[in-house]
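Structure at a glance
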Amino acid sequence: SEMIFIPEDYDSIQSAIDAASTGDSLIVSPGTYLENIDFLGKQILVSSEYYIDFDSTLIGATIIDAGSIASAVTFKNNESFTSILQGFTLQNGIGNNEDPDGNGSFYTYGGGIYFEDSSPTIKNCVIQNNTANQGGGGGLFCYNASPVFWGCLILNNTTDDVGGGLYGREGSEPKFYDCTFEANTAEFGGGCYLRNESVPEMENVIFLNNIANNSGGGISLKDNADLSGSNVEIVGNEAEGLGGGLYINNADPSFNF
């Protein structure tokens, strides 16, 4: 395995991913990278220099800016926990135009990160100022996907549909440890919208000041979705309609506050 440095060795993150092999570590210098990156199923680490010296200011200084073209980052090739994204700010994504269930209808999903049939690891990232209209999941979208998030902030993402911060469906079981969903906005499920047997696990997660124009300011659970975990705080969330903090429709949650 090699350590590859960007922009020294490759002038873009994607060109480095294209060239990378299993086990490689791609280390990205501070700066703004106008890219829409796809891990292409590779078992690699892509990190800011935070990976080397754990200086948290590097997270804000190393930016993947999606340029209002697509999702900032895409995982849709069976990535597992050995595919790791660490120490970036992901912004200005508008989602990928996708038809994950193959029914012929394409919508934009996952402004910050689009996950389909994949379960990578996301560490110490800020996912902010992304959007995904018509489809949903302004910050994050999971379709049959169970990524693991450590120490992430999902901030100020929007959608005119479902799941401002996160939209999870089709048996997605993402895990969140020490994460915050803050000031995300949606029509339904400002912080997060979960459906179709999607059961995330959350430990030490805060839902703060998220807004739903209809129902479920903090969290919406629908169609046998659940949420398991501990120390989940739901504070200051708002909904124009039902469930400022938590809106449950045909679901039976089992988490404690």
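I will try to describe carefully the structure that is included in this document. All values derive from a computational prediction rather than experimental measurement.

For the rest of this paragraph, the subject is the packing of aromatic side chains. Any two aromatic rings considered together are summarised by their centre-to-centre distance and by the angle between their planes. Considering all chains together, one arrives at 12 aromatic pairs under this definition. Judged by centre distance (5.8 Å) and plane angle (80°), the ring pair of Phe-115 and Phe-149 falls under edge-to-face. Taken as a pair, Phe-115 in strand β12 (residues 113-116) and Phe-149 in strand β17 (residues 148-150) lie far apart in primary sequence, 34 residues in all. Each member of the pair, Phe-115 together with Phe-149, is buried. Take Phe-149: its relative accessible area is 0%, and that puts it in the buried class. Site record: aromatic cluster; members linked through ring pairs are Phe-39, Phe-75, Phe-115, Phe-149, Phe-176, Phe-181 and Phe-207.

Turning our eyes to something else, we now look at a nonpolar patch on the surface. A contiguous nonpolar surface patch, about 360 Å² in accessible area, is contributed by Met-3, Phe-5, Tyr-51 and Ile-52. When contributions to the nonpolar patch are tallied by element, the ones reaching two or more residues are β1 (3-6) and α2 (50-53). On the secondary structure map, Phe-5 appears in strand β1. The partly exposed category is assigned to Phe-5, whose relative accessible area is 33%.

Here eight strands make up an open sheet; going across it, the order is β4-β7-β12-β16-β19-β22-β25-β28 and the pairing parallel. At either margin of the open sheet sits one strand with a lone partner, and together these are β4 (37-38) and β28 (246-249). Of the strand pairs in this sheet, strand β22 (residues 192-194) and strand β25 (residues 219-222) are connected by three bridges, and their pairing is parallel. By the bridge assignment, Tyr-193 is partnered in β25 with Ser-220.

Right, let's get into unusual backbone geometry. Glycine aside, residues mostly have negative phi, and peptide bonds are mostly found in the trans state. With an omega of 10°, the peptide bond running from Ile-6 to Pro-7 counts as cis. Even without a glycine there, the phi angle at Asn-231 is positive, about 55°. With a relative accessible area of 36%, Asn-231 lands in the partly exposed category.

What follows is about the nonpolar core. Membership of the largest hydrophobic core comes to 47 residues, with the highest contact counts inside it found for Ile-13, Val-46, Val-73, Leu-85 and Ile-113. Apart from the residues lying within four places of it in its own chain, the contact partners of Leu-85 are Phe-39, Val-46, Val-73, Phe-75, Leu-90, Ile-113, Thr-121, Ile-122, Lys-123 and Cys-125. Judged by nonpolar contacts, the second largest core, of seven residues, contains Tyr-109, Tyr-143, Val-162 and Tyr-167.

What follows concerns the pattern of salt bridges. Per the stated rule, a full pass over the model turns up four salt bridges. Between Glu-98 and Lys-76 there is a salt bridge; the shortest N-O distance is 3.0 Å. Of this pair, Glu-98 sits in strand β10 (residues 96-98) while Lys-76 sits in the loop between β7 (73-75) and β8 (84-86); the two residues are 22 residues apart in sequence, bridging distant segments of the chain. Under the relative-accessibility criterion, Glu-98 is labelled buried at 11%.

The strands making up a sheet are joined through hydrogen bonds of the backbone, oriented either antiparallel or parallel. Taking strand neighbours across the sheet as the criterion, the three strands line up as β10-β11-β15 in an open arrangement whose pairing is mixed. Strands at the two margins of the open sheet, each flanked by one partner only, are β10 and β15 (134-136). Ignoring which end each strand starts from, the neighbouring axes of this sheet average 40° apart. Here two bridges tie strand β11 (residues 107-109) to β15, and the two strands are oriented parallel to one another. Note on β15: the bridge partner recorded for Tyr-109 is Gly-136.

Moving on, we get to the pairing of strand β16 (residues 140-143). Side-chain alternation along β16 places Leu-140 and Cys-142 on one buried face and Phe-141 and Tyr-143 on a second face that is also buried. In terms of strand pairing, β12 meets β16 through four bridges, oriented parallel. The residue bridging Ile-113 from the neighbouring strand is Leu-140, located in β16. Note: β16 against strand β19 (residues 166-169), four bridges, orientation parallel. By the bridge assignment for β19, Cys-142 is matched with Gly-168.

Criteria and cut-off values
Residues numbered from 1 in each chain as written. Predicted model: local features only at pLDDT ≥ 70, side-chain atom pairs only at ≥ 80, totals over all residues. Heavy atoms only, no water. Phe/Tyr/Trp six-rings, centres within 6.5 Å; stacked < 30°, edge-to-face > 60°. Helix = DSSP H or I, 4+ residues; strand = E, 2+ residues; numbered from the N terminus. Buried < 20%, exposed > 50% of the residue type's maximum accessible area, 1.4 Å probe, protein only. Patch = residues over 30% accessible without salt bridge, like charges linked within 9 Å, V, L, I, M, F, W, Y side chains within 5 Å. Areas by Shrake-Rupley, 256 points an atom, 1.4 Å probe, with all protein chains shown as cover. Salt bridge = Lys/Arg side-chain N within 4 Å of Asp/Glu carboxyl O. Pairing = 2+ DSSP bridges. Core = buried A, V, L, I, M, F, W, Y, C linked by side-chain atoms within 4.5 Å. Contact = heavy atoms within 4.5 Å. Axes fitted to C-alpha atoms, helices over the stretch in contact; angles between N-to-C directions.

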